[in-house]
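# Report on the structure
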Amino acid sequence: MTASDTKMTDNRPFAIRAYTPDELRGALKRMYLIRRFEEGAEDSYMRGLIHGTMHLSIGQEASAVATCMELTDDDKITSTHRGHGHCIAKGADVGRMFAEFFGKETGYCHGRGGSMHIADVKTGNLGANGIVGGGLPIAVGAALSAKRLGKSDVTVCFFGDGANNEGAFHESLNMASVWKLPVVFVCENNQYGMSTSIRRSTAVARISDRAAAYSMPGVTVDGNDFSAVAEAVHLANARARAGDGPSLVENLTYRWRGHSKSDRNRYRTKEEIEMWMGQDPITRFRTELIAHGITDEAGADAIEAAAVADMEAGIAFAKASPAPDVSEVTRYVYAEV
Amino acid sequence: MPTEVILPKVDMDMTHGTLAVWHAGDGEIVAKGAPLFDIETDKAAMEVEAPATGRLTGIAAKPGEKVAVGTVVALIYAEGEVPGSAPAAPAATVPVPDHRADRVPSIQTPAETSRAAPAPTAPGVLAKDATALRATPAARSAARKAGVLLEGITGTGPLGRIQRDDVPTGLDAGPDKPLPQSWTPQPGPLNVRSRKGSGPTLVMLHGFTADSQSWAPLEKAIGSGPALIRIDLPCHGRSPLRRITGFAGLARMMVEAFDEATRDLGMVHLLGHSLGGALAIAIADIRPRRVVGLSLIAPAGLGPEIDAATLLGITRATRTESLAPWLRRLTASPDMISDSYAEAAMRARGDGAMRAAQADMADAILTDGTQTFDVQAALHRLTAPTRIIWGRQDKIIPSRHATAQRTDAAIHLLDGAGHIPQMECPERVARVIGLGGGSPL
Amino acid sequence: MNAVPQDTALRTLSYAEAIREAMAIAMEADPAVILMGEDIGVYGGAFQVTLDLVDRFGPDRVMDTPISELGGAGVAVGAALTGLKPIFEFQFSDFAMLAMEQIVNQAAKLRYMLGGEASVPVVFRLPSGSGTGAAAQHSQSIEAWFGHVPGLKVLQPSTPADAKGMLLAALADPDPVMIFEHKLLYKMKGPVPAGHHLTPIGKAAVRREGSDLTIVAGSIMVHRALEAAGRLATEGISAEVVDLRSIRPIDHETILASVRKTGRLMVVYEGVKAFGVGAEISALVAESDAFDFLDAPILRLGAADAPVPYNPDLERASVPQVDSIESAARRLARREV
């Protein structure tokens, strides 16, 4: 990180200035890994290998990866039902993620959680959440722990545009602000709460406008622009770590796929979807890296191929993994003594 | 490699979908993202887009066909790719793992798995007293332990409910039902001896004063084929002594023992002699779905007459000399009962408490020398194939009890045989029940 | 008194004082223990249970929350998930309904959803019960609701000693624990061991031995049952009174052993009779070997099938009282049911 002392004359995007070429190539790799992971999961789902449903974040990769860019394993995140990207961005292993999706004992949740509760506590991911807004108060609690225990960790709370109309949103942002807690609220506004558009559900034009009600900074950025997201979250993290309290960052983005695998897509036009597919955050970031000489076409292709290889190895690991023992259906309800 | 076109899972609980219509034909060029086919699920129709651009080949599912999720229904070859073989027909599909309810393990509590079958609430012969009786679980448990039947007890609780203190236990008998002092009821289940074998299992119920060993001659004639389950009646053989106050209670005990002994088996064939024959009819009436057929040898319960003097004589006898004359009435020819046979029979009847218990039992079901129980209605209700075997020279129960029945049962009258044809001419009995010549039951 | 070692000395304390003592002991011993709730600071809590603790431990550890039950409970869950041991006071147990999401969907399930990788050692305190004239929304006994939730532990202390011992045991427990305190018991005095006194979770207590019938009761109903049993003893009826203490986990063995001994069972509880604690205990007995020892139908005495009324006569009549327990027990013992 060298952002704070960059020269005024440096007109390169924030991310190019702030991160090393290795860090940037690593970010591109994680974005490809999220995309390929979710495509692989979707394919496995359609083949009937995955049970239940899943919520894909294809098209939102910049938001996940750029937001987690400066987080360590001690920093926490709370995630959402659309949480595969957050999990990978925070450092999870895709093999154990696939294993969880396949319901295997080697999965992150030992087959008890599945896609909607994917978590990796060791890398600071407190879990995806099946309840809209469920993670908001929990993130505030994690930030309270950090403050009380005298740590400088931040907690990033991912939530969607739908959650901004839950009561938990109001209660959580208010308490975080009252107690000046180190939490960064990151709203991934993909513009639809299931089928209901933000215009039809939310009284303010920008969700970040609501920050004013809680006396915290609020900013809306292009969520498909890696550098814009990274910069906004960088500032929010700095404020949190300095003890100045929470911030609200709104990443304006779009999910290419339906809400879940049951979505028949009756509420969006093909034109709208195609317009957003033209704003592919991965393509944009790749182009940016090549333009600034961080990598070249061949290098980017190699990064993508490495992501595909990781994904395929992950599926192979998951397929070969053992299923949980059905006699252990009540295991993990309580602590084992 | 061509791109596989699969029937996708589009709903949480979907395992199959019906292919409604193809929007492109075999051999046509399709563009990635263009509508390729429609599927219908239980809930809705949905359009599926082409997963790749190229030539659609090897369509393997026709409109209207129901296809498992994950099945390859066509292939798309990119430009320049050489088409290979078409995908296999849907029959040989990718296996769909089924994670749903039928795979969820059923979890039984230990209580569920260890509890005995509930006391029979029987239709047919037992219906009358089963519906009228009220007793608390504690009273039922005390009665079971004491070998006492609840039917004879007056309940002092609300609605005439029998409570624990109403049940006489051991010597502490209730005032209105004086109990003989010469024997004490014993706990525990009825004695069951099983022999493994093949084909349908034969459940064998012996007659009054006999025991499960009395089947030995017939078993020898049958050979080593079928599996055998022989049950000793209460107060007989190695079964515990129990207080029997009527046929219904006795039948209830036998149904309980039958359920326990045949718990893990399919349907069984019942073979009963005399009192055991009447009990076989009662069991088949209560458990019709467990019984594939019945063979009844001189069954009791089909009429009032019986030579009770002989039976009481057998129960009373304390030495070979007094036993042998009664035994000789059981067979067509008195010569069949040798002195050594009578001696062995007396040794088996050496237990005075057992004799006393059998005497009480005779008093309860053969009151005043009469068969006080009647299983004729139950016999007529039987749906399983039934054959009745009777010795023409039976001096204990007359064979006309069988011939007078208006029944579909096959009736075999064996000339030269008395009340115990299974001992007098075991090979003939085995042949009649279909086991002598190796043919199935 | 001087001969008794300090840490086992019995002092006479009220139920509220015993709870306060437990909180103070825990906060002295472990800086991770914090108190959260509405008006628990200088006000001392609606029932004065936390009185003066803010002076001793400061407002950072005795935190007044906004009137935000969902958010507040969720913050406590998140804090518990990340290293603190919060004791969260609902002002009235009725208000826990505002926080059902965080209690039932989050606190109770996180360990399981995350395959045993997370622990939520939060303690919820819930002033509960009728008899204060506070009517329908401030008088309920909803402990049985939480008995239905795997992952929670649900306790009901009836004495000052247990009120202290259960709170300290709950803090030592790695899973979420809900303690339903009866408002009418707060002023009740009784002997309380000094020091770090623990009441084992999941163990019922036989408060009075008897041979004719078993009365299983919880919370304030224990005292009413004991009084009824005392009156019946003068008629020669010997009632055994079992203090349930823990609804989840429930102490099968103590209940079944008592039923095997007496053959007659009555369950007395303040929650609505239908689908309550009585149903669970009756079913436990019916499913067990103790069934064979039942010599009469099981009786349940619970609250009327109505909201808790305001009028004092109606309020009294709506829940089991000493008289109604006495007459029902007499009928059961005399074989009139």
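When helices and strands are counted, chain B shows 14 helices and 15 strands. By residue count, 50% of the 441 residues in chain B fall in the buried class. Long-range contacts, defined here as pairs at least 24 residues apart, represent 67% of the contacts in chain B between residues at least 6 apart. Of the accessible surface of chain B, which amounts to about 20,400 Å², a share of 53% is contributed by carbon and sulfur atoms.

With that settled, the discussion passes to the interface of chain B and chain C. Opposite the 13 residues of chain B that make contact, chain C presents 14 residues. Together chain B and chain C conceal approximately 1,100 Å² of surface at their shared face, both sides included; 41% is due to carbon and sulfur atoms. Between Asp292(C) and Arg144(B) there is a salt bridge whose closest N-O contact spans 3.6 Å. The tally of links between chain B and chain C comes to six residue pairs in polar contact (both at pLDDT 80 or more). A breakdown of the residues in the side of chain B that touches chain C according to their chemical character gives five nonpolar, three polar and five charged.

Moving on, we get to empty space enclosed by the protein. It is the rolling of a water-molecule-sized probe over the atoms that shows where space remains empty. Per the counting criterion, the structure on display carries seven cavities of 30 Å³ or more. Considered as a void within the structure, the second largest cavity measures approximately 70 Å³ in volume. Taken together, Thr78(A), Ser79(A), Leu126(A), Gly127(A), Ala128(A), Asn129(A), Gly135(A), Ile138(A), Leu81(C), Gln106(C), Leu110(C) and Met113(C) form the lining of the second largest cavity. Among the elements of the structure, helix H6 (135-148) of chain A together with helix H5 (110-113) of chain C are those that each provide at least two residues to the lining of the second largest cavity. When its residues are assigned to classes, the lining of the second largest cavity shows six nonpolar, six polar and no charged.

Attention now goes to the confidence of the model for chain B. Caution applies to low-pLDDT parts of the model: their predicted coordinates are not meant to be read in detail. All names here are of chain B. Residues with a pLDDT of 70 or more make up 84% of chain B, whose mean pLDDT is 81. When mean pLDDT is compared element by element in chain B, strand S12 (residues 268-273) scores highest at 96, while helix H1 (residues 110-114) scores lowest at 39. A low-confidence stretch, residues 90-130 stays under pLDDT 50, and its non-local contacts, those more than four residues away or across chains, total 50 contacts. Contacts of residues 171-181 to residues separated by more than four positions or lying in other chains number ten contacts, the stretch itself having pLDDT below 50. Prediction confidence for the complex, expressed as pTM and ipTM, is 0.69 and 0.89 respectively.

What counts and how
- Residues numbered from 1 in each chain as written.
- Chains lettered and ligands numbered in written order.
- Predicted model: local features only at pLDDT ≥ 70, side-chain atom pairs only at ≥ 80, totals over all residues.
- Heavy atoms only, no water.
- Helix = DSSP H or I, 4+ residues; strand = E, 2+ residues; numbered from the N terminus.
- Buried < 20%, exposed > 50% of the residue type's maximum accessible area, 1.4 Å probe, protein only.
- Contact = heavy atoms within 4.5 Å.
- Areas by Shrake-Rupley, 256 points an atom, 1.4 Å probe, with all protein chains shown as cover.
- Buried area = accessible area lost by both parts, 1.4 Å probe.
- Salt bridge = Lys/Arg side-chain N within 4 Å of Asp/Glu carboxyl O.
- Polar contact = N/O pair within 3.5 Å; in protein donor to acceptor, adjacent residues only side chain to side chain.
- Nonpolar A, V, L, I, M, F, W, Y, C, P; charged D, E, K, R; others polar.
- 1 Å grid on protein atoms, 1.4 Å probe; cavity = no way out; pocket = protein on both sides within 12 Å on 5 of 7 lines; lining within 4 Å.
- Points joined across faces, edges and corners; volume = space filled by probe spheres on them.
- pLDDT = per-residue confidence, 0-100.

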